[in-house]
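What the coordinates show
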Amino acid sequence: MGDMNQIRNIVILTGAGISAESGIDTFRSGGGLWEQHRVEDVATPEAFARDPNLVHRFYDARRAAIQEKEPNAAHFALGRLEAEWPGKLLLVTQNVDDLHERGGASRVLHMHGEHLKAWCTSCDVRSLWRGPLLDRPACPVCQARSLRPDVVWFGEMPYRMGEIYAALREADLFVSIGTSGAVYPAAGFVQNARELGARTLELNLERSQGSHHFHESRLGPASEVVPQWVAEMLG
Ligand code: OAD
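Per chain, the residues get numbers from 1 upward, laid out in the order the sequence is written. The predicted nature of this model means local features are confined to residues of pLDDT at least 70 and side-chain atom pairs, given and counted, to a pLDDT of 80 or more, with totals for whole chains, interfaces and linings taken over all residues. Computation of side-chain values: all heavy atoms of the structure, hydrogens and water removed.

Among the 23 residues in the neighbourhood of the ligand, the closest are listed as Phe27, Arg28, Trp34, Thr179 and Ser180. N or O atoms closer than or at 3.5 Å make up a polar contact, with two conditions inside protein: a donor-capable atom paired with an acceptor-capable one, and, for residues adjacent in sequence, both atoms drawn from side chains. In this structure, phenylalanine 27 approaches the ligand through a main-chain N or O atom, which is 2.7 Å from an oxygen atom. At 3.2 Å from an oxygen atom of the ligand is found a main-chain nitrogen or oxygen belonging to glutamine 94. We get accessible surface area from the Shrake-Rupley algorithm with a probe of 1.4 Å; when it comes to residues, only the shown protein chains can shield them. Relative to its unbound accessible surface of 800 Å², the ligand loses 93% to contact with the protein. The nonpolar class holds Ala, Val, Leu, Ile, Met, Phe, Trp, Tyr, Cys and Pro. Asp, Glu, Lys and Arg form the charged class, and all remaining residues, Gly among them, are polar. Grouping the constituent residues of the shell around the ligand by class yields ten nonpolar, ten polar and three charged. For this purpose, a residue is taken to be near a molecule or strand whenever a single non-hydrogen atom of the residue falls within 4 Å of it.

Okay, here's the thing in structure tokens:
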């Protein structure tokens, strides 16, 4: 990064690739989740209306699985960057796991929701949740048996877009880590940031679909390229 001294405000976007080395399946690569399950069977509001048990079983399994996994060197490096970076830093993740938080990041914006929360469609409150939802437990707030995974499904609006676009407007550097660039609006952030003057960097195992939009791409496993980049940023 030639003009690193000019950088104060950073926006980082992460995707499934940053958690791959922790043993959490990505969505689109060989054997990824969307090759094992059809999106329209498990990840849409229509699927939930049609067959809630199937959807609950799918998310119950994922919610249980992430609790067995540990953050890797990439999550820890970003936790360190958040703690030590003197300017503004917003960590936006498409991931619904909690490995960023367990890797030391305290302010993580989960634009696609979180596995470890349940959303009550009766009282609209989101509660921390670690167990299954298949058996229709009562909402801890209103007692209704109307909990759903607090995960954004296809056809639903991602969370906190206003905050994300505000941060992109102020960003001097936009960094995308471990995402294929297949799902909008996140896939468009690089173009938004770049049009508004930010430098843009991609850290990924292979070139993503939007790779040509970035000023620079560094290819390799997140557990290697992310700690290297963080060490550079912190001098
Ligand atoms: P994808 O599975 O689409 O892409 C994962 C990316 O990570 C690919 O480009 C891989 O090459 C890369 N990758 C794999 N292993 C890696 C490693 N060890 N180090 C670095 N990169 C690695 O996952 P996302 O882009 O996150 O949405 O998918 C975006 C959204 O699509 C998800 O949030 C999810 C999904 O449908 C919802 O469920 C709403």
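The next point concerns the pairing of strand E6 (residues 147-151). One face of the sheet, then the other: side chains in a regular strand alternate in exactly this way. Three exposure classes are used, based on accessible area relative to the maximum for each residue type with a 1.4 Å probe and protein chains only: buried under 20%, partly exposed in between, and exposed over 50%. Comment: elements are numbered from the N terminus, with helices defined as DSSP H or I runs of at least four residues and strands as E runs of at least two. Among the five residues that make up E6, five are buried, leaving the element largely enclosed by the rest of the structure. Here five bridges tie strand E4 (residues 113-120) to E6, and the two strands are oriented antiparallel to one another. Paired with glutamate 114 across the strands is aspartate 150, a residue of E6. In this analysis, strands are considered paired if DSSP registers two or more bridges between them.

Spatial strand order, E3-E2-E1-E7-E8-E9: six strands in an open sheet with parallel pairing. Here the strands that pair on one side only, and so sit at the sheet edges, are strand E3 (108-110) and strand E9 (216-219). Taking each pair of neighbouring strands and ignoring which way they run, the sheet shows an average axis angle of 20°. Note: strand E1 (residues 10-14) against strand E2 (residues 89-93), five bridges, orientation parallel. Of the residues in E2, the one forming a bridge with isoleucine 12 is leucine 91. Contacts were defined at the residue level, with two residues in contact if any of their heavy atoms lie within 4.5 Å. All axes here are fitted lines through C-alpha atoms, helices being fitted over the stretch that makes contact, and every angle between N-to-C directions spans 0 to 180 degrees. Its contacts with the sheet put helix H8 (residues 161-170) on E1, E2, E3 and strand E7 (173-177), and the angle it makes with E2 is roughly 135°.

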